[in-house]
Every structure is written in structure tokens, then in C-alpha cells.
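# A closer look at the structure
Listed below, chain by chain, are the residues.
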Amino acid sequence: MRLSLYVPGNSWVHRLDPLTKLIMAVVAVILVFVLPGYWASAALLAVSLGVLASGGVLRRSVPVFLGVSLIAITFFVVQGLVYPGNQHPALTLGPVTFYQEGLLLGLKLSLRLYNILAATLVLILLTNPSDLVESLVRRGVPSRFGYVVVAVLQMIPNMAATTGTIMDAQRSRGMETEGSLWTRMRAFIPLMGPLVTSSLIATEERALALEVRGFSGNRKPTFLHEEVIPPYAWAVRALYLAALILAIAGRWIG
Amino acid sequence: MTVIEVENLRYRYPQQAEPALDGVSFSVQQGEFIGIIGPNRSGKSTLCQALVGLVPHFYKGAIGGKVMVAGLDVHQHQVWEVCQRVGLVFQSPFTQMSGAKFTVYDEVAFGLENQGVARDEMVRRIERVLRLLGLWEYRDRNPFALSGGQMQRLAIASVLALEPEVLVLDEPTSQLDPAGTSEVFAAVSDLCRQGMTVVMAEHKVDRIAARADRVLVLHEGKSIAFGPPRQVFAREDLPALGVAIPPVTEVCRRLGWQLPDGTYPVTVAEAVQMGGAARGNHNS
């Protein structure tokens, strides 16, 4: 019923407040570009993977990592072959030669890619999106913005269901929706018409319904759910921010 | 105590030549159940929306006359201010769900959060309205996973949680099956018995005839009758104007089962009583 990859659970990562997880993800992504060398990047990746594993979603992230490996392979192949700084041949396979410099650059880029991915997955797989939005709205993000983000998560699956209904209705009246590309494209118009019209009508009705529930009032909103920040969240935040400061300082001095 | 006072209300939607409401006047006492009936496009929905200020504030357009509801001059106040005293329930249960909440319980909280109600007060009110509308056991469900009747009751609960003095319902059962319709009417009648003022626009005239204290008949934006159901449905001119009357009233009229005051029965119970009496006379 909802468009979200969030995997519910009760690990220490799940119990962290959304803001801490946002800090973790943002800091990790910044660190990717601040940390020098391969070992530091690899260590960072290990930390992110560790977080994913202790959240119980390592298996869920494997397909994502595998999917992206295509890009990583491309990095190795392209940089290994044609990186302008290539000097020392490392590997020769028939007519093609891979160079050491290019392969190392490929490794660096791939580490960055996987680091960013792992850091973002902490947020995507282990954070309830509506909780994240609520915690941002508490801190001054406009509630209209928050509403749009959360409503989209729920409305898109609903629209998909509507699309299914319209498609069945058109099919039952003899429209061909399967077959050649041309048939499918022709089926698109009688599908989009009702979908767009019904969505527009629904949008106006929903706008009215929100209005009578005080959505555009100027009161300071309250929240049904209390925000729970576990004590260890502060330690996690401090750890990540300290790592960031150290990395920046190290970069600046070094 | 007069809760709703509408005086010579005239309204035209933007870019429309014909007025949607044309000189409507009526007043409603506290605790009354008012039914608004009339053919399609007679101005029922517009009148409902005028009671909370969506007309004219949301739609703009030209307005005249005066609407006083629960002590507020609706034309001088914002919709969200009026809605603290007047609740409005719409036709489609589906589009009334905020979409931003993932459980029935949280859905009720949506309006309360917007109004800045304190948390413990929120918890108290949510439990009260969910129990009142028989939804307490569904509190952890996703709102979109409810049946139509349940979803509409949730919409009513969400509006009631704001503790309005008046509840306005715009054809709340038009997308529901008979069971869902009965659920909604039973819930609304209960509220009315507890002192809530209810205004309901509705096509199902037999239900209105059975439940409403007074009926307002709209036709082309004008109010053509306002009174107790029996008096209103006794009028000879309604069918010609396209205004539906309860089938039982139609039958009694054809049979000549007239009550002593010149009106006809509007519910089956009344007709049965009448018919029994008629047969008794016949036998004697």
C-alpha cells in the first residue's frame, strides 16, 4: 500500500531517531569526498555495511549492490583502458591492456559509489519515511512540504490501483492493451484521459477536505506522537560529527 | 438557540452566468437535524460549502447575503477558523483521507495536529470519536484498507474530533451501499440525539424523511420549501420540479391515505399504522 522500501524492525538502528540517521547518512556521504586514500574509504564502507547488517537489512541491500556493480565494472574497464594518466600495464588480455593507474582510479570511484549507496540505504531501508518527514517538520520545515512528501508515498500506489481499474474497464470494452509496441501506445491515450481527469477531481476534493481540517490555518501544529530520542543517539551523532571534523581537519592540515 | 442563520444568500461561481444560490434564507435551531434535498445542480453542495466558508473563500466568485454559523460571520472569517465550530463531511470517503497518515488512529489526529491541540487532549478526543463511530477496533488499520462505510465514518470521526457545534454532511452516502448508508445515518442520528446540530444534503429522500426534523428543498438555487418532512412532502408541485419524494408518500397519495392534517405518511411505519386504521374502518 505504500511506496517505500522501509523494512520495519526493532534493531538499535531502527530505534534511533530519524534525524540521527539523517546525520549518519549525510556525514558518510561528505566523508566519501573528504577521506583520502583507499583504506579510509574501505573502512567507511565497512562501517556503513556494519550498520546495515546490524539493522538486519544486509540481504535486502545485496540486489542493489549487485545492480550497481554494472556501473562499477564500467569504471574499471573504461578507466583501466583509456585513463589519460595510464603508464604501467597491469594486465593484458589478448589485444587489450589494462593499466595500473586507471584500475586504481576505477577502484577509487567504485568505493565512492558503494559508500554513497550504503550510506543512503541506511536512510532508505532503516528509516520510516513519514517519521523522517515529521521530525523535519518539528524542526521548522514547512508542514505543506512535509505533507506533499508523505502523501506522495501513499498516493502513488493508490493511483496505480486506479490505473489498474481503468485498464480493466477499457479492456472489458474490447480495447487491446497487450501486443505490439504500437498497440500498447494506442492504448495509452484512453488510459491517461480517465486517469488524469480522475486525479484532478480527486485533488480538488482532497484540497477541500484538507482545508476543513485546518490544514492552511496559521496555528503552530502539535504532534500526536512524541519524539523519542534514545540516549545513545547522542553518542552516535557525536561520533559521526567527530569523524567528520577530524577528517576535514586532517585534510586541511595534510 | 439559533445556530445557523442564512439570510438572502446569493452566490455565483467564477465564470458562470447563472447563480448557484439565489436568495436562500433559513435558520436552524440547536440540536435539529436538517435535510437538504433537491435535484442535481440545485445548489445543495454549494449551500453546504457556504456554511463553512469554502464558498466563497476557496472558490472565490460573487457572493451576497449573510451566513452566521455558531456565532461566526462566515464571510468575514477564514475557513480554518469557521471549521473549528462547523465540521464538513464530503461525498467521497476516499478523497477525504488526508493521505499523510498510515493508521486510522493517526488519521483522526491530522486535523487536531493542524489546530495545535495538546497531545493528551488529542489522545482523549481520538479515543472518544473512534468509539462513538464504532471504529476503535480498526484503529491500527490503514485508512485506505477500510470499506466505504467505515471510511466515511472515519471521515465523520475526523471532523468530530475537532469538536464542532454543527456537523454539515454533503451527500455522505452517495458512494455507499445500503449497509454503509445505514451505518452513516445511524451514527448521525445518534450524534443528533446527543445535541449536535446536523445539516445533511442527501438524495435518499426516504432516509431523510425518516430522520430529519425539517427538510429544506432547493430548486435551481432557490429554496422552495422548508418545514417538517410530512408538510414538505405533501406539496403537490414537487414531482413536477424534479424533486424526489419518498416512494411510500407517493403510494399513500395514490391510495388517498391522507392524515387528518392533510399530509401523507412519509415512512413505512406511518403508512402501516394508517393502512391498519383504514382496514379497520373498512371491516367495521
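Check the entry above for the structure.
The following paragraphs examine the structure supplied in this document.

Let us now look at the environment of glycine 64 of chain B. Residue and element names in this part refer to chain B. Within the secondary structure, glycine 64 is located in strand β4 (residues 62–69). With 41 residues separating them in the primary sequence, glycine 64 and glycine 23 have C-alpha atoms 8.6 Å apart. Each residue touching glycine 64, except ones within four places of it in the same chain, is listed here: Asn8, Leu9, Arg10 and His75.

All names here are of chain B. Counting 67 residues, the largest nonpolar core has Phe33, Leu130, Ile156, Leu167 and Phe233 as its most contacted members. By residue number, the principal contributor to this core is helix α7 (residues 148–160), which donates 7 residues. Excluding its chain neighbours within four sequence positions, the residues that come into contact with leucine 130 are Val104, Tyr105, Val108, Leu135, Trp136, Arg139 and Leu154. Counting 40 residues, the second-largest nonpolar core is a separate cluster that includes Ile34, Leu88, Val166 and Leu218.

All names here are of chain B. Taking strand neighbours across the sheet as the criterion, the 6 strands line up as β6-β7-β8-β3-β9-β10 in an open arrangement whose pairing is mixed. Each edge of the sheet is formed by a strand with only one pairing partner; in this case those strands are β6 (86–89) and β10 (222–227). Between one strand axis and the next, the sheet turns through 15 degrees on average, direction left out of account. Pairing geometry for strand β3 (residues 33–37) and strand β8 (residues 197–201), over 4 bridges, is parallel. Pairing of phenylalanine 33 across the sheet is with valine 198, part of β8.

On a regular strand, one side chain projects to one face of the sheet and the next to the other, so that they alternate. Residues and elements named next belong to chain A. Judged from the 4 bridges that link them, strand β1 (residues 89–93) and strand β2 (residues 96–99) form a sheet pairing that is antiparallel. Each residue of the ladder has a partner; that of proline 89, found in β2, is tyrosine 99. Hairpin connection, β1 to β2: the antiparallel pair is bridged by 2 residues, and glycine 94 has positive phi, about 60 degrees.

The rules we used
- Residues numbered from 1 in each chain as written.
- Chains lettered and ligands numbered in written order.
- Predicted model: local features only at pLDDT ≥ 70, side-chain atom pairs only at ≥ 80, totals over all residues.
- Heavy atoms only, no water.
- Helix = DSSP H or I, 4+ residues; strand = E, 2+ residues; numbered from the N terminus.
- Contact = heavy atoms within 4.5 Å.
- Core = buried A, V, L, I, M, F, W, Y, C linked by side-chain atoms within 4.5 Å.
- Buried < 20%, exposed > 50% of the residue type's maximum accessible area, 1.4 Å probe, protein only.
- Pairing = 2+ DSSP bridges.
- Axes fitted to C-alpha atoms, helices over the stretch in contact; angles between N-to-C directions.

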